[in-house]
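Residue-level listing of the chains:
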Amino acid sequence: MEYNGVWDEEWKKGLKQVFFDLGKEWEKEAKTLRERLRAEGISCAVLERSGADLQWSLKTAPFCKREAVVLTDSPAAGKRLSQEGMVYFGCQRKGNVWFEGAALVLEGFEEVDARYLEEWLCRAQGRPARIARTERLQIREMEERDLPELVRIGKQENGLALLNEDAFTPERLRSYIATAYRLQGYGLWSVLYAGKVIGCCGFAPYEEYNTREQIWVYRMCRDADGGGRTVQERKTDGQILELQYMLDAAYRRQGFGTEMCQAALQYADERLGADTICLRIRPDNAASQALAQKLGFQYSALHF
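To keep things clear, this report deals only with the structure shown in the data block. Since we're looking at a predicted model, the values are computed, not measured.

Analysis parameters
Residues numbered from 1 in each chain as written. Predicted model: local features only at pLDDT ≥ 70, side-chain atom pairs only at ≥ 80, totals over all residues. Heavy atoms only, no water. Phe/Tyr/Trp six-rings, centres within 6.5 Å; stacked < 30°, edge-to-face > 60°. Helix = DSSP H or I, 4+ residues; strand = E, 2+ residues; numbered from the N terminus. Buried < 20%, exposed > 50% of the residue type's maximum accessible area, 1.4 Å probe, protein only. Core = buried A, V, L, I, M, F, W, Y, C linked by side-chain atoms within 4.5 Å. Contact = heavy atoms within 4.5 Å. Polar contact = N/O pair within 3.5 Å; in protein donor to acceptor, adjacent residues only side chain to side chain. Salt bridge = Lys/Arg side-chain N within 4 Å of Asp/Glu carboxyl O.

Some thoughts on the packing of aromatic side chains
Inference 1: In the structure shown here, the tally under the stated rule is nine aromatic pairs.
Inference 2: Pairing Tyr193 with Tyr251 gives two aromatic rings, centres 6.0 Å apart and planes at 70 degrees, and the pair type is edge-to-face. Of the two residues, Tyr193 is situated in strand 10 (residues 188–193) and Tyr251 in the loop between strand 13 (240–247) and helix 7 (256–272); the sequence distance between them amounts to 58 residues.
Inference 3: Classification of Tyr193 as partly exposed rests on a relative accessible area of 31%.
Inference 4: Measuring from ring centre to ring centre gives 5.8 Å for Tyr251 and Phe256, while their planes differ by 80 degrees; the resulting arrangement is edge-to-face.
Inference 5: Here Phe256 falls in the buried class, since its relative accessible area comes to 2%.
Inference 6: Three or more aromatic residues joined by ring pairs form one cluster here, namely Trp189, Phe203 and Tyr267.

Regarding the nonpolar core
Inference 1: Of all hydrophobic cores here, the largest spans 46 residues; its most connected members are Ile139, Trp189, Phe203, Leu243, Met260, Ile277 and Phe297.
Inference 2: Looking at which element gives the most residues to this core, the answer is helix 7, with nine residues.
Inference 3: What Phe297 contacts, discounting residues up to four positions off in sequence, is Trp216, Val217, Tyr218, Leu243, Leu265, Ile277, Cys278, Leu279 and Ala292.
Inference 4: One finds Leu106, Phe109, Trp120 and Leu121 within the second-largest nonpolar core, a separate group that totals 24 residues.

Regarding helix 4 (residues 114–124)
Inference 1: Across the eleven residues that make up helix 4, a large majority, nine, are buried.
Inference 2: For helix 4, the complete set of buried residues consists of Ala114, Tyr116, Leu117, Glu118, Glu119, Trp120, Leu121, Cys122 and Arg123.
Inference 3: Its side-chain oxygen 3.3 Å from the backbone nitrogen of Arg115, Asp113 forms the N-cap of helix 4.
Inference 4: Count one or two residues on from helix 4 and you reach Gly126, which has phi positive near 75 degrees.

A word on the pattern of salt bridges
Inference 1: Evaluated as defined, the whole model comprises 18 salt bridges.
Inference 2: With its nearest N and O atoms 3.3 Å apart, the salt bridge here joins Arg140 to Glu143. As far as burial versus exposure is concerned, Arg140 and Glu143 are alike and both buried.
Inference 3: Glu242 serves as the salt-bridge partner of Arg280, at 3.0 Å between the closest nitrogen and oxygen. Separated by 38 residues along the polypeptide, Arg280 in strand 14 (residues 276–281) and Glu242 in strand 13 bring together distant segments of the chain.
Inference 4: Here Glu242 falls in the buried class, since its relative accessible area comes to 8%.
Inference 5: In the salt-bridge network here, residues are joined through shared partners; they are Arg115, Glu119, Arg123, Glu141 and Glu270.

Taken by themselves, the reported measurements are silent on function.
Written out as C-alpha cells, the structure reads:
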C-alpha cells in the first residue's frame, strides 16, 4: 500500500540500523538476515568482540538510539546494552537463558524482517508500533491520548461497547497497551486520518458464546494451487481471530471502513498467520453486512 501524503515526525522515526553481536553458530543465519534487511533499506553492522567482552564500536558509529537495535547472544552484553539505553533482542537456540531487559528473545531469524524488528523497537521504547498506512489512513497501536476520541466514537450507534467511559478507563487502557500487544502481537489499533483519531480496528481471539448477532467468516488460508500457504505452513495453525472495528459517524460512507479493515486483514495474513477471521454483525445492520461482503466475508449459519 502506498501513501503520498505527509506523516507527522514521530511516524518517520522507524528502524534505521541493526547491530549484530553474535557468535559463529549464528553466522549463516545472521548473514542471510543482514542481506534481507539491507534489501529493505536498513543499515547493518557487525560488532567485534575482544575475548568474552563486546567492543563498543557503537560509541563511535553514527546512529540514533531511537532508530537502532542490537541482536546479541550474550546475556552479559545484553544487560550492558540495556543499561546503555539500547533496545536489544536476545538470541538463543533453546533453553532458559535470561536476557535482562531484552525487547524479545529470538530462537531463529526465519520470521524476522525490518517491520518485525521495528514493531518491537517501538514497544520497547513505549511508543505505539505502526501497523499499516494506506492511501489516506495511519493505523497504529493505541496511545493514552486517544482515549477521549475513542470513547466519544464508542457512544455512537454501532460503536464498540468496550470503548465506553465506564468500562474503558485510562487505567484499563494503560494496562491494555502495556500487555495486549506484547503478549499477543495484536489487538485493537487506532485509526487516524490527517492526524486525527477517527476510529479503531483490529483483532481479538474469537470466543463462542450465545449471541443474536450473525457470524460472518473470512478464510485466510488458501491451498498451494491458489498461491497461498497451507494451514500446516502457517505460524498459528487453526487460530481464529475476530475482526472488530468502529468508525466515527462523520467519516462513514466514504470508503474509510473498507480501507482500514482491508489493511487489518492484510496485516493478519502477513504478520499473524491466522487461519480464519470472523465478524459479528447484528441482523439489522445492513451497512456492516455490505462491508463484510465487500471484504470477502461469507455469512455462516453455524458457529465454530
